[in-house]
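# An overview of the molecular structure
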Amino acid sequence: MRVMANVCMVMNLDKCIGCHTCSVTCKQTWTNRPGAEYMYFNNVETKPGLGYPRRYEDQGQWKGGWELDRKGRLRLKGGSRLRRLLSIFYNPDLPTIEDYHEPYTYDYARLITAPAGTQAPSVSTRSALTGREMNPTWGANWEDDLAGAPQRALGDPNIEAMAEKVVLDFESVFMFYLPRICEHCLNPSCVASCPSGAMYKRQEDGIVLVDQDRCRGWRFCVSGCPYKKVYFNHRTGKAEKCTFCFPRIEAGLPTVCSETCVGRLRYLGLMLYDADAVAGAAATPDPQDLYEAQLSVFLDPHDPAVAAEAERQGVPHDWVLAARRSPAYSLIARHRVALPLHPEFRTMPMVWYIPPLSPVADVTAAVGYDDADPAAVFATIDALRVPVEYLANLFTAGKVEPVRASLQKLAVLRAMMRAQQLGVPFRPGAALGGLSDADAEDLFRLLAIGRYEDRYVVPPAHAEDAGRLLAQHSLSGCSLESEGGPGMGGDGPPDGFHLARRDRQGRLHLALSPGGRPAPRGPSVEGNE
Amino acid sequence: MSGASGASVPQLFLWVILPYVTLAIFVVGHIWRYRYDQFGWTSRSTELQEKKLLKWGSPVFHYGTFAAIAGHVIGILVPERWTRDIGIPEAAYRWFSASAGTLAAVLVIGGVAVLAARRIFVTRVRATTSPVDWVALVLLAVVIVMGIIETVGVNLLGSGYDYRQSVSLWFRGLFVGNPDVRAIAHAPIIYQLHAACAWAVLGVWPFSRLVHAWSYPVWYLWRPFVVYRSRVATRPNEPGTSGRRWRKIGVRY
């Protein structure tokens, strides 16, 4: 058993209002640079919809992720290593900019330079690739709130895979938002696809990064990632991806997307897992068993044997304690309300989702919380507007039982708390999803109260490692600080993004100051300045 | 320097000074760029911008180039004596050289035609090309066109020219410090142009996108799939650079 820790995010889709604040703040932090215009380390998709890039979930087309060969062994869906080397001059599975959208800006100068006249001057769109005028025909949010859904939403691969016929007429239409970041998988196919060895998974916290200095622009990470969360910078010729805001995580702070989430729907915590069991679990024959297989890889930090073994193998003591308080562990393993996104890609993703307990389609079934008949809650689940089968295609490779179980738990929780508030008796009994009072209390604490310190349990990287960590940044591709990044004194946000430094007493100093200059700071422990 | 005796100053410049200077630039330039510009060291692929033409142009050009490089090794680096000693008659060598060379030439020129058209006429691709890349690509195009005239025009269709008795002697002489200037100086002008431009390409190579040629990731075949990295101490920044690397080479960031 090899115990490793991985930072993990859980998103409660019930709470997402689709405001895109996470996308905006992420973009402002990481990808507001030339060459990165079309990159969204975090984006929010309206489901059903084609997604970004278009139809990225259809691995029959894009060949991302892993598959099993005839002998049941795991191999990259994009073909053998040799095939990759031979097709290095032309990657057949790479999306083009058309599959994302041609990035554009506006000719703002015209607002000032336009000759005086009676009409307000208007600005035209300019392609960020060529500088020429262009007409945008697609974008990251083109399908926002089901825009164009009657024409296109049925092309959503999750709908195509449904047995039940979906009709998107006005009465039966459904939608919810799906915020997406890099999954920081336990079995990352992007890392396995990179011929240069520039991509890596950090041993300490599992964050998957691109070494900007070692990337040679062969682009197989882009096609290898089934979530299409590695992007190719068209100016620098290097791959970039979501960094899980590692400078913040190391300082014990939540990621920017989590911190700024208006709906407070994101949870961050550690998951301990057995690294030796990952490959075996990812090779589970039936894709519908992959959800359970991934659960079996996770280790229970409350188990004294696991904790002892973790510390023996170098996981710091406070990290083990943090893993016990991890909201991710509670939601994923204890309560089993969170589910992975597309486990059938076999990458063992580490960003999980609590399915949306959407409005009920049938108003009469809304009386699900009937005190006299608690079991009516079950009927409610199947009358939900979002078809359970659709959610199952997203989260469990089509297996409806785990999705139904999760939704039932959430519904029962609501009924219980409602009864408590109104002072009416509510005895769910053993039939109702096995939700004990203690479990309900814990779920209520996490989902309804959701205090900051309960949502984000991020143990800081160790002070004694700080100097070495910061030295690693400069070589491992903090995209802010790389050549041409805004941190290099270009046209971006402040220099000196090293968010936190510790002084000799181990106190934390935040070094982010307005005006682009690093704040004055005391003696630092790192040795490379 | 017996081979250089009796050579004029322009001949000395073209066939002794230029090769050694560009070789020095080639070696030192690569070391320098590798140390200072890891971030700029990339294939600078434009597949994201344009894919349909690249699908044909790029593989055909690259594999054709491999064939052409192999042909140069056989024809220029391997002495004529060796092929004669293993029993290959001159006529057979000539026939192989002309026909295999023509095959490679067709691949290379076909690929180059597609890639050049793509680079010139597809606006998105053209916008990514830096000045130093233009220089390298134009020089490369000249070298290729001259090489094809030699292979197809002279050796396949024309009367043929035994470059192994002249150009090869001079070229190999460069590496033992005794280049035969007269041999190359009396070769047909096409061969002279081809050689001179080839040296110029080597001179700009380290500063252009051509550096990606040295990064063909063969070791990927043996590497474990998932790479883990631990937090390890790394080298500090180069003194005086404050972490910046050279900005002027390669692409405009």
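The structure reproduced in this document is the subject of the present report. (Residues numbered from 1 in each chain as written. Chains lettered and ligands numbered in written order. Predicted model: local features only at pLDDT ≥ 70, side-chain atom pairs only at ≥ 80, totals over all residues.)

### A closer look at the overall build of chain A
A tally of helices and strands in chain A yields 22 helices and 16 strands. Scored against the burial criterion, the 529 residues of chain A give a buried share of 51%. Sequence separation of 24 or more characterises 67% of the internal contacts of chain A that already satisfy a separation of 6 or more. (Helix = DSSP H or I, 4+ residues; strand = E, 2+ residues; numbered from the N terminus. Buried ≥ 20, exposed ≤ 12 C-beta atoms within 10 Å, placed from the backbone. Contact = placed C-beta atoms within 7 Å.)

### Digging into the packing of helix α2 (residues 52–77) of chain B against helix α4 (residues 90–121) of chain B
For any two helices packed against each other, the geometry comes down to the angle between their axes and how far apart the axes lie. All names here are of chain B. At a closest axis distance of 7 Å, the pairing of α2 and α4 adopts a crossing angle of 145 degrees. At the point where α2 passes α4, the crossing takes the left-handed sense. Among the residues making up the contact of α2 with α4, the classes are represented as 15 nonpolar, 10 polar and one charged. (Axes fitted to C-alpha atoms, helices over the stretch in contact; angles between N-to-C directions. Left-handed = near helix turned anticlockwise from the far one by under 90°. Nonpolar A, V, L, I, M, F, W, Y, C, P; charged D, E, K, R; others polar.)

### Concerning the pairing of strand β8 (residues 199–202) of chain A
Burial of the side chains of β8 of chain A extends over both faces: Met199 and Lys201 of chain A are buried on one face and Tyr200 and Arg202 of chain A on the other. Between β8 of chain A and strand β9 (residues 208–210) of chain A, which pair antiparallel one after the other, the connecting turn spans five residues, and Gly206 of chain A there sits at a positive phi close to 75 degrees. Examined bridge by bridge, β8 of chain A and strand β1 (residues 228–229) of chain B share two bridges and lie parallel to one another. Paired with Arg202 of chain A across the strands is Arg229 of chain B, a residue of β1 of chain B. (Pairing = 2+ DSSP bridges.)

### Some details on the environment of Gly450 of chain A
Relative to the elements of secondary structure, Gly450 of chain A occurs in the loop between α20 (437–449) and α21 (452–455). Note: C-alpha distance between Gly450 of chain A and Asp213 of chain A (237 residues apart in sequence) is 40 Å.

### A short note on the nonpolar core
With 137 residues, the main nonpolar core has Val10 and Leu272 of chain A as its most contacted residues. Apart from residues lying up to four places away in sequence, Leu272 of chain A is in contact with Val3, Ala5, Phe298, Leu299, Pro301, Val306, Ala310 and Ala323 of chain A. The next biggest cluster of nonpolar side chains, apart from the first, holds 38 residues, and it includes Leu107, Val108, Tyr163 and Ala198 of chain B. (Core = buried A, V, L, I, M, F, W, Y, C linked by C-beta atoms within 7 Å.)

### Notes on unusual backbone geometry
In this structure, Pro48 of chain A follows Lys47 of chain A across a cis peptide bond, with omega equal to 0 degrees. Mapped onto the elements of the fold, Pro48 of chain A is located in the loop between β2 (43–47) and α2 (59–62). Along the chain, Tyr52 of chain A connects to Pro53 of chain A via a cis peptide bond; the corresponding omega equals -5 degrees. Considering the arrangement of structural elements, one finds Pro53 of chain A in the loop between β2 and α2. With a phi angle near 65 degrees, Arg346 of chain A is a residue other than glycine that sits in the positive phi range. Of note in this structure, Arg44 of chain B is not a glycine but carries a positive phi near 50 degrees.

### Some remarks on the pairing of strand β14 (residues 351–354) of chain A
All names here are of chain A. Residues Val351 and Tyr353 point to one face of β14 and Trp352 and Ile354 to the other, with burial holding for every one of them. Sheet analysis places strand β1 (residues 3–12) next to β14, joined by four bridges and oriented parallel. Paired with Met9 across the bridge in β14 is Val351. Pairing between strand β13 (residues 339–340) and β14: two bridges, direction antiparallel. The partner of Pro340 across the bridge, within β14, is Trp352.

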